[in-house]
Amino acid sequence: MPVWDDLVGQDRVQAQLAAAARDADALVTAEAQGVSPPDAAKSKMTHAWLFTGPPGAGRDTAARCFAAALQCVSPDRALGGEPGCGFCDGCHTALIGSHADVEVIRTDLLSIGVKETRELVRRAQLSPAGGRWQVIVLEDADRLTEGAGNVLLKAVEEPASRTVWLLCAPSVEDVLPTIRSRCRHLTLRTPPVEAVAEVLVRRDGIDPQTAAAAARATQGHIDRARRLATDEGARARRAAVLKLPLRVQDVGGCLKAAQELIDAAGEDAKQLAEETDVKETEELKAALGAAQGGRMPRGTAGVMKDLEDKQKRRRTRTQRDSLDLALRDLTGFYRDVLALQLGTRTALANEDVQDALDRVARDSTPEATLRRVEAILACREALDRNVAPLLAVEAMTMALRAG
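As the structure is a prediction and not an experimental result, all values here were calculated from the model. (Residues numbered from 1 in each chain as written. Predicted model: local features only at pLDDT ≥ 70, side-chain atom pairs only at ≥ 80, totals over all residues. Heavy atoms only, no water.)

J.: Can you help me understand the packing of aromatic side chains in this one?
T.: Two aromatic rings are characterised by how far apart their centres lie and by the angle between their planes. Applying the stated criterion to the full structure yields two aromatic pairs. Look at W49 and F66: their rings are 5.1 Å apart centre to centre, the planes differ by 70°, and that puts the pair in the edge-to-face class. On the criterion of sequence distance, the pair formed by W49 in strand β1 (residues 48–52) and F66 in helix α2 (residues 59–70) is long-range, its members being 17 residues apart. Taking the relative accessible area as the measure of exposure, W49 reaches 1% and is therefore buried. On the basis of an interplanar angle of 85° and a centroid distance of 5.5 Å, the ring pair of F333 and Y334 is categorised as edge-to-face. Of the two residues, F333 and Y334, both sit in the buried class. Between R162 and the ring centre of W133, over which it is positioned, the NZ or CZ distance is 5.7 Å. Over the ring of W49 we find R184; its NZ or CZ atom is 5.2 Å from the centre of that ring. (Phe/Tyr/Trp six-rings, centres within 6.5 Å; stacked < 30°, edge-to-face > 60°. Helix = DSSP H or I, 4+ residues; strand = E, 2+ residues; numbered from the N terminus. Buried < 20%, exposed > 50% of the residue type's maximum accessible area, 1.4 Å probe, protein only. Lys NZ or Arg CZ within 6 Å of the ring centre and 35° of its normal.)

Here you go:
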């Protein structure tokens, strides 16, 4: 199965990446055989790429697929086969994250700092261990601090001859202008709902009805659709969020609903912490040579404090991500309400709560619905500016009540 099969509904992007992989393979082959390389001016390959697109479009997947195609060592290439067979050692190890020349960087913190970026730049200067390409996939390029972005700029401006940078961000505005101007830009679109449902059935073995409902509810977000289809807890949390529009009838209901949203996001963060923090702490203690009774060697307090700070930042991001997911579900609810009020033929994302949609649509106006959507967007922006989550959500629920 070619590596491109993981790209859902991105035919144009796939064609561009496949052409670049062919030119990259021709360059490596020519150098290995000691012949003149293809004309660089006509090559579709370049040293830095920027993948942008809405959440769920598959930015990270596209970058990983391209990385695998660049590392493809299938013998079929010599017979005219396309790089990215999906079966060879290069493709397989790149896709599962164990290839020596593919570094995938993702963060579960709020930002990527200068220290981590300098390490990436150092890695990018190394020659490929396998003789093909050194590929750096930065999945959260939008989380680079300004200082980290300036560190990365130098590496993108003057790359090593066999290094390729693959940066992923929601939009070009999320990346420093000096960096994005040196990258080839690819824009991904939200995959069609039908394509996402087909992938869930084919690749994950989910029954067609459940897959279709999950794809429709998440409006083409592949990862969220998979989680919704397989995680009972995720379905329960979404159901609770979709009941909120009927609960903001008075001030008490608004405040209670806001607190429950915050508590649910905090529970998600706590669950992740229970799964990872204890394991991380125990592994670090063992590496530092903790005594049998748990007593730490002298001079290790600072290292343990750094780990605690990292875990605290990760819990903060997890809580915000969970809360943002709830707000997106809420936006989808009012989108359906507006579709009903305007009498459009747009397919509803939340058919499972049709009664609630009809009730809210009947009891309000399109203008009020738009103001409610704007209140949700304002809440998301406030959270991005580090406003206290409870205050931001309480302001939003009061605005939903006012309409």
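J.: It is not clear to me how the pairing of strand β4 (residues 163–169) should be interpreted in this structure. Could you clarify?
T.: Residues in a regular strand point their side chains to alternate faces of the sheet. Within β4, seven of the seven residues are buried, which leaves the element mostly enclosed by the surrounding structure. Of the two faces of β4, both are covered, the one formed by T163, W165, L167 and A169 as well as the one formed by V164, L166 and C168. With five bridges connecting them, β1 and β4 associate as parallel partners. Each residue of the ladder has a partner; that of T52, found in β4, is A169. Bridge count for strand β3 (residues 134–138) against β4 is five bridges, and the pairing is parallel. Across the sheet, L138 pairs through a bridge with L167, a residue of β4. Chirality of the crossover, the property in question, places the unit of β3, helix α5 (residues 146–157) and β4 among those that are right-handed. (Pairing = 2+ DSSP bridges. Right-handed = clockwise from strand over helix to strand, strands pointing away.)

J.: Looking at this structure, I do not really get the packing of helix α4 (residues 114–124) against α5. What am I missing?
T.: For any two helices packed against each other, one specifies the inter-axial angle together with the distance between the axes. Following both chains from N to C, one finds α4 and α5 inclined at 10°, their axes separated by 8 Å at the closest point. In this view, α4 runs roughly parallel relative to α5, as classed from their interaxial angle. Between α4 and α5, the contacting residues are V114, T117, R118 and V121 on the first element and G147, A148, V151, L152 and A155 on the second. Partitioning the contact of α4 with α5 into residue classes produces six nonpolar, two polar and one charged. (Axes fitted to C-alpha atoms, helices over the stretch in contact; angles between N-to-C directions. Parallel < 35°, antiparallel > 145°, perpendicular 65-115°, else oblique. Contact = heavy atoms within 4.5 Å. Nonpolar A, V, L, I, M, F, W, Y, C, P; charged D, E, K, R; others polar.)

J.: Whenever I open this one, unusual backbone geometry confuses me. Can you help?
T.: For residues besides glycine, phi is generally negative; the peptide bonds are generally trans as well. Non-glycine residue Q219 carries a positive phi angle of around 55°. Residue class for Q219 comes out partly exposed when judged on its relative accessible area of 31%. Its identity as a non-glycine residue notwithstanding, N386 has a phi of 65°, on the positive side. Note that N386 resides in the loop between α14 (366–384) and α15 (389–402). Classification of N386 by relative accessible area gives exposed; the value is 52%.

J.: Teacher, can you tell me more about α4 here?
T.: Owing to its 3.6 residues per turn, the α-helix brings residues three or four apart onto one side. Taken residue by residue, α4 has T117, L120, V121, R123 and A124 as its buried positions. Looking down the long axis of α4, one finds its buried residues gathered within 160° of arc, a one-sided arrangement. Along α4, the residues that are exposed and aim more than 90 degrees away from the buried face are K115 and R118. Lining the buried residues of α4 we find β2 (102–105), β3, α5 and β4. (Arc of directions from axis to C-beta.)

J.: What should I look at first to understand the confidence of the model for the chain in this one?
T.: Low pLDDT means the predicted atomic positions in that stretch should not be read closely. Looking at the chain, pLDDT values average 86 and 96% of them are 70 or higher. For the chain, the element scoring lowest by mean pLDDT is helix α11 (residues 251–288), at 80; β1 scores highest, at 95. (pLDDT = per-residue confidence, 0-100.)

J.: Looking at this structure, how should I read the nonpolar core?
T.: Side chains that are nonpolar tend, in soluble globular proteins, to be buried together. Counting residues in hydrophobic clusters, the biggest one holds 36 residues, and the most contacted among them are W4, L17, W49, F51, F66 and L166. Contributions of two or more residues to this core are made by α1 (11–33), β1, α2, α3 (89–96), β3 and β4. A per-element tally of this core places α2 first, with eight residues. Excluding residues that lie within four positions of it along the chain, F66 makes contacts with W4, L17, A20, A21, M45, W49, F51 and L166. L323, F333, A382 and L400 belong to the second largest nonpolar core, which has 32 residues in total. (Core = buried A, V, L, I, M, F, W, Y, C linked by side-chain atoms within 4.5 Å.)

J.: Quick question: what am I supposed to make of the pattern of salt bridges here?
T.: Pairs can form between side chains of opposite charge once their charged atoms are near each other. In the structure shown here, the tally under the stated rule is 22 salt bridges. With a closest N to O distance of 3.7 Å, R227 and D231 form a salt bridge. Here R227 falls in the partly exposed class, since its relative accessible area comes to 37%. Here D336 ties to R335 by a salt bridge, and the two come within 2.7 Å at their closest N and O atoms. Under the relative-accessibility criterion, R335 is labelled partly exposed at 31%. (Salt bridge = Lys/Arg side-chain N within 4 Å of Asp/Glu carboxyl O.)

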